[in-house]
Amino acid sequence: MIARLAGTLAELSADSAVIDVRGVGYLVLASGRTLGSLPAVGGDVILLTELQVREDSMTLFAFGSAAEREAFRQLTSVQGVGGRLALAILTILSPDELARAVSAGDKAMIARASGVGPKLAQRIALELQGKLGLPAALGPGTPAAANPATNDALSALANLGFKPAEAAQAVAAAAEELGPDGTLDALVRLALRKAAK
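Below or above, wherever it landed, is the structure these notes cover. For clarity, every value in this text was computed on a predicted model and none was experimentally measured.

Definitions and cut-offs
Starting from 1, residues in each chain are numbered consecutively following that chain's sequence as written. With pLDDT at 70 or above as the cut-off, local features in this predicted model cover only qualifying residues; side-chain atom pairs require 80 or more to be listed or tallied, and sums for whole chains, interfaces and linings still use all residues. Water and hydrogen atoms play no part in the side-chain values, which are based on all heavy atoms of the structure. Each helix corresponds to a stretch of at least 4 residues labelled H or I by DSSP, and each strand to a stretch of at least 2 residues labelled E; elements are numbered beginning at the N terminus. Angles run from 0 to 180 degrees between N-to-C directions of axes, and those axes are lines fitted to C-alpha atoms, restricted for helices to the stretch in contact. The cut-offs work like this: below 35 degrees is roughly parallel, past 145 is roughly antiparallel, 65 to 115 is roughly perpendicular, and the gaps in between are oblique. Should the near helix be turned anticlockwise from the far one by less than a right angle, the crossing is termed left-handed; should it be turned clockwise, right-handed. Should any heavy atoms of two residues lie within 4.5 Å, those residues are considered in contact. For this classification, Asp, Glu, Lys and Arg are treated as charged, while Ala, Val, Leu, Ile, Met, Phe, Trp, Tyr, Cys and Pro are nonpolar and the rest, including Gly, are polar. Criterion for a salt bridge: a side-chain nitrogen of Lys or Arg within 4 Å of a carboxyl oxygen of Asp or Glu. A simple rule labels every residue: compare its accessible area, found with a 1.4 Å probe on the protein chains alone, to the largest value its type can have, and call it buried under 20%, exposed over 50%, or partly exposed in between. Arc, as used here, means the arc of the directions from the helix axis to the C-beta atoms. Put simply, two rings from Phe, Tyr or Trp (the six-membered ring, in Trp's case) pair if the centres are within 6.5 Å, and we call them stacked under 30 degrees between planes, edge-to-face over 60, tilted for the rest.

**Things to note about unusual backbone geometry**
Stage number 1. A positive phi angle, close to 50 degrees, is found at Arg22, a residue other than glycine.
Stage number 2. With respect to the helices, strands and loops of the structure, Arg22 is situated in the loop between strand S2 (16-21) and strand S3 (24-30).

See the structure below:
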């Protein structure tokens, strides 16, 4: 498994690059965001990679960050989303934007990517719920992010039928009030009271 490449950028095209690693050129496919962040040809690069092996091919995908690679892995776990389509989505949406769109159930945002129709966008939004990290309301740096029980509380409210955006708002408010030491039980109870207002 090739997990990382460190070498020299030998070639660059609209959807791929060739990385020269000690005389061996690796062709990698990457999102427009990652390709846009690369230096000029001849510059040094370090990219995280994901190797996909199919019956008739082996394809190496490259990423500028661990968050982008993880979003790619989650996207390609959805039926109907191949590697190239996942890159098209990650060209339009950063991993954070994708997580926010999924958490809010924003199919229109996901469907902005070339090749993603409304039905596939809906499937992505449904299947990736809770798999792309904390919703925007619970992002890093917020008081809610300090409480490890927030993810479980979000799941509990989602299982009770709350929309992701409502659940995120209620849990964020409850986590802020209870602080980082609030128990899961207390968090869920307070979030339910806040959501009912």
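Having seen it, we continue.
**Examining the packing of helix H2 (residues 66-76) against helix H3 (residues 83-92)**
Stage number 1. Relative orientation of the contacting elements H2 and H3 amounts to 130 degrees, with a least axis distance of 9 Å. In terms of axis orientation, H2 runs oblique to H3. Of the two elements, H2 crosses H3, and the hand of that crossing is right-handed. Packed against H2, whose contacting residues are Glu68, Ala71, Phe72, Leu75 and Thr76, the element H3 presents Gly83, Ala86, Leu87, Ile89 and Leu90 at the interface.
Stage number 2. Taken together, the residues that form the contact of H2 with H3 break down as seven nonpolar, two polar and one charged.

**Section: the pattern of salt bridges**
Stage number 1. Scanning the model with the defined rule gives six salt bridges in all.
Stage number 2. Arg73 is the salt-bridge partner of Glu50, the closest N and O atoms lying 2.7 Å from each other. Separated by 23 residues along the polypeptide, Glu50 in strand S4 (residues 44-53) and Arg73 in helix H2 bring together distant segments of the chain.
Stage number 3. On the accessibility criterion, Glu50 (13% relative accessible area) is buried.
Stage number 4. Accessibility expressed as a relative area gives 33% for Arg73, which makes it partly exposed.
Stage number 5. A single network of salt bridges, built from pairs that share partners, joins Glu50, Glu70 and Arg73.

**Some points on helix H6 (residues 118-127)**
Stage number 1. The complete set of buried residues in H6 reads Leu120, Ala121, Ile124 and Ala125. Seen along its axis, H6 keeps its buried residues to an arc of 140 degrees; they face one direction. Opposite its buried face, H6 presents the exposed residues Pro118, Lys119 and Leu126, each directed more than 90 degrees away.
Stage number 2. If you follow the buried residues of H6, they end up packed against H2, H3, helix H4 (95-104) and helix H5 (107-110).

**Let's talk about the packing of aromatic side chains**
Stage number 1. Under the criterion given, the structure shown has two aromatic pairs.
Stage number 2. Aromatic pair Phe61 and Phe72: ring centres 4.9 Å apart, planes at 40 degrees, arrangement tilted. Of this pair, Phe61 sits in strand S5 (residues 58-63) while Phe72 sits in helix H2; the two residues are 11 residues apart in sequence, bridging distant segments of the chain.
Stage number 3. Judged by centre distance (4.9 Å) and plane angle (50 degrees), the ring pair of Phe63 and Phe72 falls under tilted. Taken individually, Phe63 and Phe72 each receive the classification buried, so the pair is uniform in this respect.
Stage number 4. Each member of the aromatic cluster is reached from another via a ring pair, and the members are Phe61, Phe63 and Phe72.

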